[in-house]
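# Survey of secondary and tertiary structure
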Amino acid sequence: MILTECLTGICGIVTKRLTRRLLIFTFLACTVMYSRVDAEFVPFVIPAKPDANSPIAVTSYKPILTDSDRLIADGGHFYRAGQRVRLWGVNLSFGANLPTHEDAPYIAARMAAAGVNTVRCHHLDTSRWPRGIWNATNGKDIEPEALDRLDFFVNQLALHGIFVNINLHVGREHSEYIGLPQTNRDYDKISNIFTPALVDAQKDYARQLLSHVNPYRGVRYADDPAVAIFEITNENSFFMWSSDETLRTLPVYYADILQEQFNAWLVNRYGSNDKLSDSWSEGAQQLGEDLLINGELQITGPAGSVPQNWRLEQHEDCRASLSRCQYRSKDALFIEIADADDTQWHLQFNQGGISLEAGQYYTVIFEAASDQSRELGCNVGQAESPWGNLGLSRQAELTNEWQTFSFGFVARADENNARVNFAFSGSAAPVYLANVQFHPGGRIGLAEGEKLDSGSVALYADNESSRRTIDRMLFLAETEKNYFDGMRDYIKSNLGSGALVNGTIVFGPLGLYAQSDMDFIDTHAYWQHPSFPGEPWDAGNWLINQKPMVDYSDEATIFNLAASRLADKPFTLSEYNHPAPLDSQAGCVPLIASFAAIQDWDGIWLYTYSHSSHEWDREYMNSYFDVDTNPAKWGFMRAGTAIFRNAGIQPLSGVSLISLTGSEEMLSALADLHLRHDRDMFDVLAERAKIARYEMLKTQFVSTFAGQSATKEPDGSDPVLDWFVERSNGFYAVWGSSAWAFAGHANRYEASTAGRISVTSPGFVAMTVTALDDSAVNESQKILITACGRCENTGMIFSDDRRTVGRNWGGPPVRIETVAGTVALLAEQWKCQALGLDGMPKRDVPVDNGAIKLSPEYETMWYLLTR
């Protein structure tokens, strides 16, 4: 959809009360690479120890000393001492939570000077000392020195007005330390939601930490107003990524516990086997006509040919060949693998051109074997870009014996070009495949031999009736909610904590339901998170897509985040980043701070300040995520404070309340939505309210589980928003009363701002204009302009496509592309100074009739205007 307004009267944008809204949100299908205009890189190492005299430093923070300073949640927002508070902060990961007594004061001071008022202690529980809180000897007990460092650091943060959010479970595998079998997912995730012994272990750790008296504060962690938030578990849900596969393949010990709980739930719901059977028989379907051509996989061409109507895909350097053979007395397609890596989809065998109907049940049936134990991926998805999954993604566990696999699913969308696909890189073991079928229908209720009175009803069946699937979803949702509600109650009632408690991030409609009685709702997102074609987190083998988010508004993470907000609950984003070495990473803070401001969110934590407990004086970027020495992120934090924390860009006044359910039973309706849309909350809202993404640039959206949808109309005070995307050449702008935020291609600035801002280099620029005295821009006495292009280390070596540097991150000093251009304010008398690395004035910049010329000659990303 294209919606435009002319840019006349743009000077009126700087008035204190905005009376018009600008929105341009354009999609054109043509794809071109954006050009990088040559620009100058200059060293820009922001000192680890701040200069308290810097004119841009925040100095008005209030120490957190008494219970009157406690953070509370009320009416959908956070408050301190009766005043609305937005949380603006960073994560600390692993050893970064445990700085020395010497380092802690200046770390806290540096954060406070940038406007940070919260930190999230992440991965504190994952490792042994010195990277984590557990002792190095056996990992069973808390290390006293680690706890002392945490105590001292918490006090320093509190003295600088910084609230602490402690994650109680991130990476701890309690199963290892209490003698339970190994779970089938890292960090005991999913299993620790329902296994009583693992839940008790989590409670025991919470008890040890919250009952501890911090000697530097004189109070227990449970009672300390500075320890404002406890998060129960990080990214952990029955509805998270690949959760179906995890639940289907649970080790016996955990599978038995969950099946027993499921059968008890069914007994409570139905009472008898007959009633259960009657209910689950509803919606059963016989198999329809086979939709595949040549499911026998016959090869009619010469040696090396592919079966007719099928396709072999070979990606990167992976190679395979196809032929016919006999294996264990069965005619089969022999898939011989010459070269494989650890990424399963790098070798695929599929048939496309299949039409699917949304909501229809389909069944894939095939026979398969291998010489060795290995996995064979089976999925059904789009046969062309964007290659979306349509409801099936399973792993078949192959052995040297023939097995028949039958995988059913409900199609998530109408699709005229779907494909049945097998993925088989990840192992060099061959695959034997035979008799592939794809049918509509195939649903059954109770399987043969399943009975309630013997507790033998499985959590999953291969081809389930709709009622059986819904019941499983209801059971999982209720079980998950009981876990989170129980942990919250334990923290608040048993341990007597006055802190806020959140559970985990939102994973779709049922995940939102499970979090609905937490003190606030939380989310995570990354734009172009690195991928690892080989081993997970292999520092020498990773890729990142050089895609500026401003060029891909239809893929932007921010819209799905906004769709997860729940009425009457504060809403936060506790992990966010545009990771290094994206050429467009400088857009991270301006984009998320401004969008969160217009949507009136309540907290943001960038991921992450640092992973280290000792490298605070580092003068180069050391990873994708650390922002402490990345000026493309940390250099914008002061601007982000003005934009988001101080509401320099005011919220949209129009609010749309969307009910996720109608008159039907609420939880069943949510389960139905979840089955259709999985974790995509924007698609859920789009179905319920018929909205498009661009509407989130002019209206706040909030969900409710029941009741009537409602709309509060705009009152004319809204910020002005642009998001242009033309031939993959994007520009994003928000003009608020006290702050402006921009990100996009240099050649778009002048036209998109009616000449107010022009940029000649570099090719991509992020820029903010922020009033530091919280006045309207045209009334302010103190304005900070922050501008940056790319950010790289000295000696950084990129691949030809700039998708990776491998281990070649280079070294100090970190450098930025300085910006050449002009910013025109109103014609009053301004004094402009280029600021140095420490934020102190270093050189005067001429101002010509209100126009400031930004130039690489000043070797800075900061310009301070005063009058």
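This text gives an overview of the structure that appears in the document.

Thresholds applied
- Residues numbered from 1 in each chain as written.
- Predicted model: local features only at pLDDT ≥ 70, side-chain atom pairs only at ≥ 80, totals over all residues.
- Heavy atoms only, no water.
- Helix = DSSP H or I, 4+ residues; strand = E, 2+ residues; numbered from the N terminus.
- Rg over C-alpha atoms; globule rule 2.2 N^0.38 Å.
- Buried < 20%, exposed > 50% of the residue type's maximum accessible area, 1.4 Å probe, protein only.
- Areas by Shrake-Rupley, 256 points an atom, 1.4 Å probe, with all protein chains shown as cover.
- Lys, Arg positive; Asp, Glu negative; His and termini not counted.
- Charge placed at Lys NZ, Arg CZ, Asp CG, Glu CD.
- Disulfide = S-S within 2.5 Å.
- Contact = heavy atoms within 4.5 Å.
- Axes fitted to C-alpha atoms, helices over the stretch in contact; angles between N-to-C directions.
- Left-handed = near helix turned anticlockwise from the far one by under 90°.
- Nonpolar A, V, L, I, M, F, W, Y, C, P; charged D, E, K, R; others polar.
- Pairing = 2+ DSSP bridges.
- Core = buried A, V, L, I, M, F, W, Y, C linked by side-chain atoms within 4.5 Å.
- Arc of directions from axis to C-beta.
- Salt bridge = Lys/Arg side-chain N within 4 Å of Asp/Glu carboxyl O.
- Phe/Tyr/Trp six-rings, centres within 6.5 Å; stacked < 30°, edge-to-face > 60°.
- Lys NZ or Arg CZ within 6 Å of the ring centre and 35° of its normal.
- Parallel < 35°, antiparallel > 145°, perpendicular 65-115°, else oblique.
- Polar contact = N/O pair within 3.5 Å; in protein donor to acceptor, adjacent residues only side chain to side chain.

Looking now at the overall build of the protein. Assigned secondary structure in the protein consists of 17 helices and 41 strands. Whereas a compact globule of 867 residues would reach a radius of gyration of roughly 29 Å, the protein reaches 28 Å, a difference of no more than 12%. C-alpha atoms of the protein, sized along the principal axes, occupy 90 × 65 × 55 Å. Buried positions account for 61% of the 867 residues belonging to the protein. Of the roughly 31,400 Å² of accessible surface on the protein, a fraction of 46% belongs to carbon and sulfur atoms. Averaging the coordinates of the 72 positive side-chain charges in the protein and doing the same for the 107 negative ones gives two points 5 Å apart.

In this section: the state of the cysteines. Following the criterion strictly, the structure yields 0 disulfides and no others. No disulfide involves Cys318; its sulfur sits 19 Å from the nearest other cysteine sulfur, which is in Cys378. Taking relative accessible area as the criterion, Cys318 reaches 2% and is therefore assigned buried. Looking at Cys832, it has no disulfide partner, and the nearest cysteine sulfur is the one in Cys788, 17 Å off. Using a relative accessible area of 2% as the deciding quantity, one classes Cys832 as buried.

Glancing now at the environment of Trp345. Along the chain, Trp345 falls in the loop between strand S13 (330-339) and strand S14 (347-356). Other than its neighbours up to four places away in sequence, Trp345 contacts His315 and Ala423.

This part takes up the packing of helix H1 (residues 104-114) against helix H2 (residues 144-159). Direction vectors running N to C along H1 and H2 enclose 35 degrees, while the axes themselves pass 9 Å from each other. Seen from above, H1 lies across H2 with right-handed handedness. Across the interface between the two elements, Ala104, Pro105, Ile107, Ala108 and Met111 of H1 pack against Phe152, Phe153, Gln156 and Leu157 of H2. Residues of the contact of H1 with H2, tallied by class, amount to 8 nonpolar, 1 polar and no charged.

With respect to the helices and strands, the residue Phe742 is situated in strand S30 (residues 739-745). With relative accessibility at 0%, the residue Phe742 sits in the buried group. A C-alpha to C-alpha distance of 54 Å links Phe742 and Gly288, two positions 454 residues apart in sequence. Ignoring sequence-local partners within four residues, the contact set of Phe742 consists of Pro590, Phe731, Tyr732, Ala733, Trp735, Tyr749, Thr753, Ile757, Val765, Ala766, Met767 and Val769.

Further remarks concern the sheet that holds strand S12 (residues 319-327). The antiparallel open sheet is built from 5 strands, whose spatial order is S12-S13-S20-S15-S18. Each edge of the open sheet carries a strand with a single partner, namely S12 and strand S18 (403-410). Along the sheet, successive strands turn relative to each other by an average axial angle of 30 degrees, direction set aside. Bridging between strand S15 (residues 361-369) and strand S20 (residues 431-440) involves 7 bridges; their strand directions are antiparallel. Residue Ala368 lies in a different strand from S20, and its bridge partner there is Leu433.

The subject of this paragraph is the sheet that holds strand S2 (residues 71-74). With respect to topology, 3 strands assemble into an open sheet ordered S2-S3-S4, the strand pairing being antiparallel. Each end of this open sheet is capped by a strand with a single partner; those strands are S2 and strand S4 (83-85). Averaged over all pairs of adjacent strands, the angle between their axes in this sheet comes to 50 degrees, without regard to strand direction.

Ranked by size, the top nonpolar core spans 180 residues in total, and within it Met111, Phe595, Trp601, Trp634 and Met696 carry the most contacts. Looking at which element gives the most residues to this core, the answer is helix H9 (residues 466-494), with 11 residues. Ignoring sequence-local partners within four residues, the contact set of Trp601 consists of Arg84, Arg86, Ile558, Leu561, Ala562, Arg565, Phe571, Leu573, Ile592, Phe595, Ala596 and Phe644. Of all hydrophobic cores here, the second largest spans 37 residues; its members include Ala320, Ala368, Leu376 and Cys378.

In summary, the side chains of a regular strand alternate between the two faces of the sheet. Going residue by residue along strand S40 (residues 851-854), you find Ile852 and Leu854 tucked away on one face and Ala851 and Lys853 left uncovered on the opposite face. In the sheet, strand S36 (residues 820-824) pairs with S40 via 4 bridges, with the strands oriented antiparallel. By the bridge assignment, Thr822 is partnered in S40 with Lys853. In this structure, strand S39 (residues 847-848) lies alongside S40, joined through 2 bridges in antiparallel fashion. Note that in S40 the partner of Asp848 across the bridge is Ala851. What sits between S39 and S40 in their antiparallel hairpin is a turn of 2 residues, with Asn849 showing a positive phi close to 55 degrees.

Bringing helix H8 (residues 273-281) into the picture now. Within H8 the residues assigned to the buried category are Asn273, Leu276, Ser279 and Trp280. On an axial view of H8, the arc spanned by its buried residues comes to 130 degrees, and they lie on one face. Of the residues in H8, the exposed ones pointing more than 90 degrees away from the buried face are Asp274, Lys275 and Asp278. Backbone geometry just downstream of H8 places Gly283 in the positive-phi region, at approximately 85 degrees.

Let's shift gears to the pattern of salt bridges. Applying the stated rule across the entire model yields 39 salt bridges. Salt bridges here are not isolated pairs; linked through shared partners, they connect Asp583, Arg790, Glu792, Arg802 and Glu817.

Glancing now at the packing of aromatic side chains. Scanning all chains against the criterion turns up 48 aromatic pairs. Ring centres of Tyr253 and Tyr254 lie 4.9 Å apart, and the angle between their planes is 90 degrees; on these two criteria the pair is classed as edge-to-face. Classification of Tyr254 by relative accessible area gives buried; the value is 0%. Seen in terms of ring centroids, Tyr513 and Phe705 are 6.3 Å apart; in terms of plane orientation they differ by 65 degrees. Their pairing is edge-to-face. Taken as a pair, Tyr513 in helix H10 (residues 508-514) and Phe705 in the loop between strand S26 (700-704) and strand S27 (710-712) lie far apart in primary sequence, 192 residues in all. Both residues of the pair, Tyr513 and Phe705, belong to the buried class. Connected via pairs of aromatic rings, a cluster forms that spans Tyr526, Phe532, Trp537, Trp542, Tyr607, Tyr624, Phe625 and Trp809. Lying over the aromatic face of Tyr513, Lys481 brings its terminal NZ or CZ to 5.7 Å of the ring centre. Against the face of Tyr620 rests Arg618, its NZ or CZ located 5.9 Å from the ring centre.

Counting buried positions over the 9 residues of strand S16 (residues 374-382) gives 8, a clear majority of the element. Taken together, the 8 bridges between S16 and strand S17 (residues 389-398) define a ladder with antiparallel strand orientation. Within S17, the position partnered with Gly381 by the bridge is Asn389. Between S16 and the antiparallel strand that follows it, S17, lie 6 residues; Trp387 among them carries a positive phi value of about 60 degrees. As judged from the 6 bridges shared by S16 and strand S19 (residues 415-423), these two strands associate in the antiparallel manner. Residue pairing in the sheet places Val380 in a bridge with Val420 of S19.

On to the packing of H9 against helix H15 (residues 666-677). In the contact formed by H9 and H15, the axes pass within 9 Å of each other and the chain directions differ by 110 degrees. Between H9 and H15, the angle is such that the two are roughly perpendicular. Residues Arg467, Thr469, Ile470, Met473, Leu474, Ala477 and Glu478 of H9 lie in contact with H15, whose contacting residues are Leu667, Ser668, Ala671, Asp672, His674 and Leu675. Class assignment for the residues of the contact of H9 with H15 results in 7 nonpolar, 3 polar and 3 charged.

Here Ser385 and Pro386 are connected by a cis peptide whose omega angle stands at 15 degrees. With respect to the helices, strands and loops of the structure, Pro386 is situated in the loop between S16 and S17. Cis rather than trans, the peptide bond between Ser761 and Pro762 has omega equal to 0 degrees. As for its position among the elements, Pro762 is in the loop between strand S31 (757-761) and strand S32 (764-771).

A few words now on the side chain of Arg419. Checked against the element boundaries, Arg419 lands in strand S19. Of the polar contacts made by the side chain of Arg419, one reaches the side chain of Glu313; its length is 2.6 Å. Within the local environment of Arg419, its side chain forms a polar contact with the side chain of Gln348, the two groups lying 3.1 Å apart. Here Arg419 is in contact with Glu313, Gln348, Asn350, Gln351, Gly352, Ile354, Asn379, Val380, Gly381, Gln382, Ala383 and Trp387, once residues within four sequence places are set aside.

Note that all results are geometric; they support no functional claim without further evidence.
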